[in-house]
Amino acid sequence: MSSEKKIKTALVSVYHKDGLDEILKKLNNQGIRFLSTGGTKNFIESLGFECEAVEDVTGYPSILGGRVKTLHSKIFGGILCRREMPEDMKQIKAYDIREIDLVVVDLYPFEDTVASGAPEQDIIEKIDIGGISLIRAAAKNFKDVIIVASKKQYEPLLNLLNAKKGSSDIEDRKFFAKEAFAVSSSYDTAIFNYMDNYEGTSFRFAEDNAMHLRYGENPHQKGTFYGDFNAMFEQLHGREISYNNLLDIEAAVSLISEFDDTTVAILKHNNACGIASRPTVVEAWNDALAGDPVSAYGGIIVSNKKIDKAAAEEINKIFFEIIIAPEYDKEALDILEQKKNRIILVQKQTLTGNKQFRSLLNGVLAQDKDLSIQTESDLKLVTERTLQGSELEDLLFANKLVKHTKSNAIILIKNKQLCAGGTGQTSRVDALRQAIEKAHSFGFNLDGAVMASDAFFPFPDCVEIAGKEGITAVIQPGGSVRDDLTIEYCNEHNISMVITGIRHFKH
């Protein structure tokens, strides 16, 4: 038996009617009969098309304040009957049930209602019953029925109607069924998470937007990003975004969100290799680049202020993969677009959400995002020497950066400029030594610099090494059983130390 099916009857019942008129005109021109309810029926008739009411088919009116409209065997029998099974066809004939070949339906806006802050009763009323049932029924019987479960599928349906004049094959119908189950599963996920008070008693996550990447972390791995990248960024120029690009972009915008002063950061493999806050973007760029001009090659640049011509001229002198900023001068864009593959992004939105997920051990690890950042009032001075000059500002700056640096992490800052960082080391001493060696290699004098650590010092060795390099102030979480030894060393060598009480591991 041929898989080609002709649409004869369409059940149309939607909450959102924008874009529906073109579909209805095409269906009407192809001689397809309409069946509908309430507002959608009125809409169809307003276009001058005949439409039969569901109530006339079922013999029952819409009841319970609209909760029950389409839930009837004369509707669901017409959708679920298997055309190739004589017994099914015999039964629908006996009960005067007419076949329904196309179902166009959408769902009450549950998530939008939750987001609006509506009271619980209003939210509960936006849990769709009839619509979700129609979707599942039509999708299940995709051998005979086309299901359009969202206005996102209007365009594919219209293309199908134009190409096949009201007919479809099994692959067409299976495509729409697959899309319909994506809609229903996402909808149920939103309802569960609301009813669960977002406590995560079970892991449910749904995202409709899939961005297929050239490859994953390495060329032999497949990669896909699930999320609305275009809602957060506008890509003005450059090649397709890659998996590793996305990791760096996430790290860059997370870091820059911590700073209010004009700041530019350069990242490589998710860690900052340069960052500075200065009165102008070009000054911030020049001092960020000075932090590690070697690692900056092929890096990711992020600014929290507009990129102007002066900054663009300096930035354009090196090779980099991506630049991110809230806006760009036209002259700046003319300069930056000289390299065809260079990715230029405008950040339109800040990061939202307070959860992070990671797959591991055949499961999913979930945690709250580290959204904690310390201010002056959170610092506890534990040494005899008080903070002097710009040390307080530098310590707060360093603490923001160490939070976004892979553990074990040590950050050295002077005058709101990264002198060097030790990242991802197996010991805190190694991280510090790495930072000192790098600072020296790029000509930094560490006299008067400050040090931040993402976790406590188990021994006084780090402050001893730092003190010998001229570092005068330290910020760390505290909490070691040997904190007193570290504090004692600081007191003996005129070093200030503040404790935050908050660890910032990043793995």
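Structure first, text after, so check above.
As the structure is a computational prediction, the values presented were derived from the model and not from experiment.

Undergrad: Which residues make up the overall build of the chain, and what values go with them?
TA: Counting secondary structure elements, the chain contains 19 helices and 23 strands. The C-alpha radius of gyration of the chain comes to 31 Å, more than 25% above the 23 Å expected for a compact globule of 507 residues. The burial tally for the chain puts 48% of its 507 residues in the buried class. Pairs at least 24 apart in sequence give 55% of the contacts found in the chain among residues at least 6 apart. When the accessible area of the chain is evaluated, it comes to approximately 25200 Å², of which 49% is carbon and sulfur surface. Computing the positive centroid from 59 side-chain charges and the negative centroid from 73, the chain places the two 7 Å apart.

Undergrad: Can you explain the nonpolar core? Please cite residues and give values.
TA: Core analysis: the largest hydrophobic core is formed by 52 residues, its most contacted members being Phe-34, Ile-75, Ile-79, Leu-102, Val-103, Val-104 and Ile-147. At seven residues, helix α10 (residues 170-195) tops the list of elements feeding residues into this core. Val-104 has contacts with Leu-11, Val-12, Ser-13, Val-14, Leu-20, Val-148, Tyr-154 and Leu-157, leaving out every residue within four places of it along the chain. Among the nonpolar cores identified, the runner-up in size contains 39 residues, and Phe-229, Ala-272, Phe-397 and Val-498 belong to it.

Undergrad: Got a sec to walk through the side chain of Ser-407? Specific residues and values, please.
TA: One can find Ser-407 in the loop between α16 (391-403) and β19 (410-413). At a separation of 2.4 Å, a polar atom in the side chain of Ser-407 contacts the side chain of Asp-454. In this structure the side chain of Ser-407 is engaged in a polar contact, spanning 2.9 Å, whose partner is the backbone nitrogen of Lys-506.

Undergrad: Can you tell me about a nonpolar patch on the surface, naming the residues and giving the values?
TA: A cluster of nonpolar residues, Phe-203, Phe-205, Phe-357 and Val-364, forms a patch on the protein surface that exposes about 390 Å² of accessible area. Relative to the helices and strands, Phe-203 is located in the loop between α10 and β8 (210-212). Taking the relative accessible area as the measure of exposure, Phe-203 reaches 40% and is therefore partly exposed.

Undergrad: Report on the layout of surface pockets, specifying residues and quantitative values.
TA: Rolled over the atoms, a probe sized like a water molecule indicates the empty space that remains. In this structure, the second largest pocket spans a volume of roughly 520 Å³. Forming the walls of the second largest pocket are 27 residues, and the residues nearest its centre are Gly-66, Lys-69, Tyr-108, Asp-128 and Gly-131. Within the residue set of the lining of the second largest pocket, elements represented by two or more residues are α2 (38-46), α7 (120-125) and α8 (130-140). Of the residues assigned to the lining of the second largest pocket, the class counts are ten nonpolar, ten polar and seven charged.

About the cut-offs
- Residues numbered from 1 in each chain as written.
- Predicted model: local features only at pLDDT ≥ 70, side-chain atom pairs only at ≥ 80, totals over all residues.
- Heavy atoms only, no water.
- Helix = DSSP H or I, 4+ residues; strand = E, 2+ residues; numbered from the N terminus.
- Rg over C-alpha atoms; globule rule 2.2 N^0.38 Å.
- Buried < 20%, exposed > 50% of the residue type's maximum accessible area, 1.4 Å probe, protein only.
- Contact = heavy atoms within 4.5 Å.
- Areas by Shrake-Rupley, 256 points an atom, 1.4 Å probe, with all protein chains shown as cover.
- Lys, Arg positive; Asp, Glu negative; His and termini not counted.
- Charge placed at Lys NZ, Arg CZ, Asp CG, Glu CD.
- Core = buried A, V, L, I, M, F, W, Y, C linked by side-chain atoms within 4.5 Å.
- Polar contact = N/O pair within 3.5 Å; in protein donor to acceptor, adjacent residues only side chain to side chain.
- Patch = residues over 30% accessible without salt bridge, like charges linked within 9 Å, V, L, I, M, F, W, Y side chains within 5 Å.
- Salt bridge = Lys/Arg side-chain N within 4 Å of Asp/Glu carboxyl O.
- 1 Å grid on protein atoms, 1.4 Å probe; cavity = no way out; pocket = protein on both sides within 12 Å on 5 of 7 lines; lining within 4 Å.
- Points joined across faces, edges and corners; volume = space filled by probe spheres on them.
- Nonpolar A, V, L, I, M, F, W, Y, C, P; charged D, E, K, R; others polar.

Function cannot be inferred from these measures alone, as they are strictly geometric.
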